[in-house]
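# Analysis of the macromolecular model
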Amino acid sequence: MKLFQAESLTLSRSVVAIGAFDGVHRGHQSVIREMVRKGNLEGVPTVVYTFSPPPRVYFQGARTLTSPEQKLTLLERLGVTHTILAKFDEEYVKRTALEFVEELSRINPKCMIVGDDFRFGNNRAGDVSLLKSYFNVQSINPICCARGERISSTRIRELIVKGKQEQVLPLLGWM
Ligand SMILES: Cc1cc2nc3c(=O)[nH]c(=O)nc-3n(C[C@H](O)[C@H](O)[C@H](O)COP(=O)(O)O)c2cc1C
Ligand SMILES: Nc1ncnc2c1ncn2[C@@H]1O[C@H](COP(=O)(O)OP(=O)(O)OP(=O)(O)O)[C@@H](O)[C@H]1O
């Protein structure tokens, strides 16, 4: 897997998954596996566009579930060929939604997977409907735990705070 900073990758075709992916939990794995499946089917590079630190860590002081190194190892294991790891800092968050769209255009995504509530660009001005006006955007069905709740990084952080470690590993599902 090749690693890139923001604005440094150009491709003639790709499939892309975008998100914080903190923890690379079972929900994230499902998104990434679907993206890799599509990429392999089409014979095009598979790209994860992610952030370091995760936006919730930067803005809300949330605890990080996976270090950048751990995250990259897990992404590589899932078969991702390229990862863009954007340094999420004071400068980066000033980028407008259209600047982010322009950056994505440089990798010519044939298909893009993001969450329905994905927001991007300064002050979270960009949303999925804006992204859909430029790209073929898809989402996948939510992956839930045995109790029927949607798995999320936020939920895993809450379980850690409550000391319910034994419930965390099945949600991460790294084994
Ligand atoms: C270029 C760019 C600029 C952003 N600027 C802001 C911002 O000013 N304020 C904010 O709360 N979030 C900002 N975000 C973070 C997004 O709101 C969101 O958390 C991020 O895209 C990750 O999406 P996810 O939470 O669905 O994984 C920005 C994201 C990008 C890509
Ligand atoms: N349980 C899930 N099932 C399916 N897709 C998921 C699930 N959790 C996250 N995703 C998808 O993974 C991508 C990255 O999401 P993100 O990093 O925001 O995850 P999250 O766990 O919801 O994070 P947070 O709790 O911090 O909001 C998005 O496309 C999102 O829709």
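The structure contained in this document is the topic of the report that follows. (Residues numbered from 1 in each chain as written. Chains lettered and ligands numbered in written order. Predicted model: local features only at pLDDT ≥ 70, side-chain atom pairs only at ≥ 80, totals over all residues. Heavy atoms only, no water.)

Let us now look at the site of ligand 2. Around ligand 2 sit 20 residues, and of these His 25, Arg 56, Ile 143, Ser 153 and Thr 154 come closest. One of the side-chain nitrogen or oxygen atoms of His 28 is found 2.8 Å away from an oxygen atom of ligand 2. Here ligand 2 has 610 Å² of accessible area as a free molecule, and 86% of this is covered by the chains. When residues of the shell around ligand 2 are traced back to their parent elements, those giving at least two are helix 1 (26–42) and helix 6 (153–161). (Near = heavy atom within 4 Å. Polar contact = N/O pair within 3.5 Å; in protein donor to acceptor, adjacent residues only side chain to side chain. Areas by Shrake-Rupley, 256 points an atom, 1.4 Å probe, with all protein chains shown as cover. Helix = DSSP H or I, 4+ residues; strand = E, 2+ residues; numbered from the N terminus.)

Attention now moves to helix 7 (residues 165–172). Structurally, the α-helix is built with 3.6 residues per turn, so residues lying three or four positions apart point the same way. Among the residues making up helix 7, those that are buried are Val 168, Leu 171 and Leu 172. Looking straight down helix 7, one finds its buried side chains confined to an arc of 95°; they lie on one side. Structural note: helix 7 exposes Glu 166 and Leu 169 on the side pointing more than 90 degrees away from its buried face. Against helix 1 and helix 6 lie the buried residues of helix 7. Phi turns positive, to about 60°, at Gly 173, one or two residues after helix 7. (Buried < 20%, exposed > 50% of the residue type's maximum accessible area, 1.4 Å probe, protein only. Arc of directions from axis to C-beta. Contact = heavy atoms within 4.5 Å.)

Counted under the stated rule, the structure contains 11 salt bridges. In this structure, Asp 22 engages Arg 157 in a salt bridge whose closest nitrogen and oxygen atoms are separated by 2.7 Å. In this pair, Asp 22 sits in the loop between strand 2 (14–18) and helix 1 while Arg 157 sits in helix 6, placing the two residues 135 residues apart along the sequence. Each member of the pair, Asp 22 as well as Arg 157, carries the same accessibility label: buried. Close ionic contact of Glu 34 with Arg 37 constitutes a salt bridge, the shortest N to O distance being 3.0 Å. One end of the pair is Glu 34 and the other is Arg 37, both in helix 1 and 3 residues apart, which spans about a single turn. (Salt bridge = Lys/Arg side-chain N within 4 Å of Asp/Glu carboxyl O.)

Let's shift gears to the environment of Pro 53. Here Pro 53 shows up in the loop between strand 3 (46–52) and helix 2 (55–60). Distance in space between the C-alpha atoms of Pro 53 and Leu 3 is 16 Å, their sequence separation being 50 residues. Beyond its immediate stretch of four places on either side in the chain, Pro 53 contacts Tyr 58 and Phe 88.

What follows is about the packing of aromatic side chains. Applying the stated criterion across every chain yields a total of 11 aromatic pairs. On the numbers, 5.1 Å between centres and 80° between planes, the contact of Tyr 49 with Phe 100 is edge-to-face. Highlighted residues: Tyr 49 in strand 3 and Phe 100 in helix 4 (residues 97–105), separated in sequence by 51 residues. One exposure class covers both Tyr 49 and Phe 100, and it is buried. On the basis of an interplanar angle of 90° and a centroid distance of 5.0 Å, the ring pair of Tyr 58 and Phe 59 is categorised as edge-to-face. A relative accessible area of 55% places Phe 59 in the exposed class. Put simply, the rings of Tyr 49, Phe 51, Tyr 58, Phe 59, Phe 88, Tyr 92, Phe 100, Phe 118 and Phe 120 touch in pairs and so form one group of aromatic residues. (Phe/Tyr/Trp six-rings, centres within 6.5 Å; stacked < 30°, edge-to-face > 60°.)

In regular strands, side chains alternate between the two faces of the sheet. By the criterion of burial, strand 5 (residues 109–113) is predominantly enclosed, with 4 of the 5 residues buried. Pairing between strand 2 and strand 5: 4 bridges, direction parallel. Residue Ser 14 lies in a different strand from strand 5, and its bridge partner there is Pro 109. Pairing of strand 5 with strand 6 (residues 137–138), which is carried by 2 bridges, proceeds in the parallel orientation. The partner of Met 112 across the bridge, within strand 6, is Val 137. (Pairing = 2+ DSSP bridges.)

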